[in-house]
Amino acid sequence: MIRLALLLLALTLSCSLARAVEPDEVLADPALETRARALTQELRCVVCQNQSIDDSDAPLARDMRVLVRERIKAGDTDDEVRAFVVARYGKFVLLSPPVEGDTFILWLAPFAITGLGALAAWAYLRGLARQPATAAALTPTEEDAVQRKLDEAP
Amino acid sequence: MSRWLALVPVLILATLALYFAIGLRTDTRTIKSILIDKPLPAFDLPAFPDDGKRITPETLKGRVTLLNIFASWCITCRVEHPVLLKLAMEKRAEIIGLAWKDKPDELKQWLEELGNPYATIADDRIGRTAIDLGVTGAPETYVIDKKGRIRYKHVGAIDDYTWTNILEPLVKQLEAET
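Residues numbered from 1 in each chain as written. Chains lettered and ligands numbered in written order. Predicted model: local features only at pLDDT ≥ 70, side-chain atom pairs only at ≥ 80, totals over all residues.

Some remarks on the overall build of chain B
Rule in force here: Helix numbering and strand numbering both begin at the N terminus, where a helix is a DSSP run of H or I of at least 4 residues and a strand a DSSP run of E of at least 2. Exposure in this text rests on C-beta crowding, where 20 or more other C-beta atoms within 10 Å of a residue's own make it buried, 12 or fewer make it exposed, and counts in between make it partly exposed. The C-beta atoms are placed from the backbone. With C-beta atoms placed from the backbone, a contact is any residue pair whose C-beta atoms sit within 7 Å.
In terms of helices and strands, chain B carries six helices and seven strands. Reading chain B from its N end, one meets helices and strands in the order α-α-β-β-β-α-β-α-β-α-β-β-α. Overall, chain B is about 80 × 40 × 30 Å in size when its C-alpha atoms are taken along their principal axes. The buried share of chain B, taken over its 178 residues, is 34%. In chain B, of all internal contacts separated by at least 6 residues, the share reaching a separation of at least 24 is 74%.

Quick look at the sheet that holds strand E6 (residues 140-144) of chain B
All names here are of chain B. Test applied: Whether two strands pair comes down to DSSP finding at least two bridges between them. Lines fitted to the C-alpha atoms define the axes, with helices restricted to the stretch that makes contact. Angles between their N-to-C directions range from 0 to 180 degrees.
Within the open sheet, the five strands sit side by side as E5-E4-E3-E6-E7. Their pairing is mixed. Of all strands in the sheet, those bounded by a partner on one side alone are strand E5 (120-124) and strand E7 (150-155). If you compare each strand with its neighbour and ignore which way they point, the axes differ by 20° on average. For strand E4 (residues 94-100) and E5, the ladder comprises five bridges, and the chain directions are parallel. Bridging across to E5, tryptophan 100 finds its partner in aspartate 124. Of the strands in this sheet, E6 and E7 are in contact with helix H6 (residues 160-176), which crosses E7 at around 170°.

This is how it looks when you write it as C-alpha cells:
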C-alpha cells in the first residue's frame, strides 16, 4: 500500500516536471541549456496559444525550441533571441507582455481597481465612525408614550 | 448623492456589457501578422519538383500573387485545394505554393492525386522560411503586391466567401497600383 502510494507520488511529481523537450534538442552546455529553457518557457506556442513552446508538443513549437537554441549557440543574448521571435510573430508571443504604451492599462488596471476598492472601503468605514455610537436618549414625551404602550399590555 | 450611488451597479453592468460586446465578437485565435506592408523576408528555396531553379522574394515581384502555405499532411489544405484549383484554372490569381515541412514523395503523390494549382512551388522542407513568415499553421495565404510586399494574410482555408469578399477585391486593388 505504502509502495503504491510512493509510486503514485513519484508519478505525479514526474508528470509536473515532464516537458515537451526531446533529448536530442538539449544543448550540450548546461549553462546555455538553462538559458534556453528559461527563454522557451516565456515564449508562446502560436499553435496552442496558451502553452509555452517549452510545454507544447506541436511540431511548430519544437521547431521554435530548436531555433531558440540555435540563436543562443550563435551567441545571441536573451533579448536578441526574444527580438528575433517577436520580429516574426509580434509581441503576442511573449507570454508576459512588456510594460509599454499599449499594455500599461493591462498592467495598471489591477492596482487601480485595488486602489478604488481601498478608497471605497475607507469612505465606508469613515462613515460608520462618524455615526454616534449610541442613540440619543428618549425625550420625556417618548418615555411617556413607551410607558403607556407597556401599561396597555394585557 | 445616495441617489446617484444607485447608478453605480448600472454603470458597472454597462461597462461589462461593452467589454463582452467587443471581446466576444473579436477573433482572438488568429494572430495578426506583424509583417503586413513589409517586404517578404529573405529566403532562397529550391523549386518542387527540383529543376535547379531557386525561389526567392524576387520570383514573386512584378505582379500580384498569392503565397499559399500548404502541406500534404495538412487536412484543411485538402478542403481548400478545390478552391485554389478553380482560381488557377480560371486564371483569377497566380498562386505560389510554399510546401511546409513536406516529404517529397508524399507531396508528389498529393499533387498527382488532387491536381496542381500552383504556378511555382517552393520547397521549405525544414520549415525555416515558414517561421520567418510568421506562419502559425497551414493553410495560410499571403497576398503579395507587385513590389514584393506582404499586404494581407489569411489564416485558414480560402473558401468562396473569403475569395469573393476579401481576397478578390484586394487583389484587384493591388493590381491597379503601379
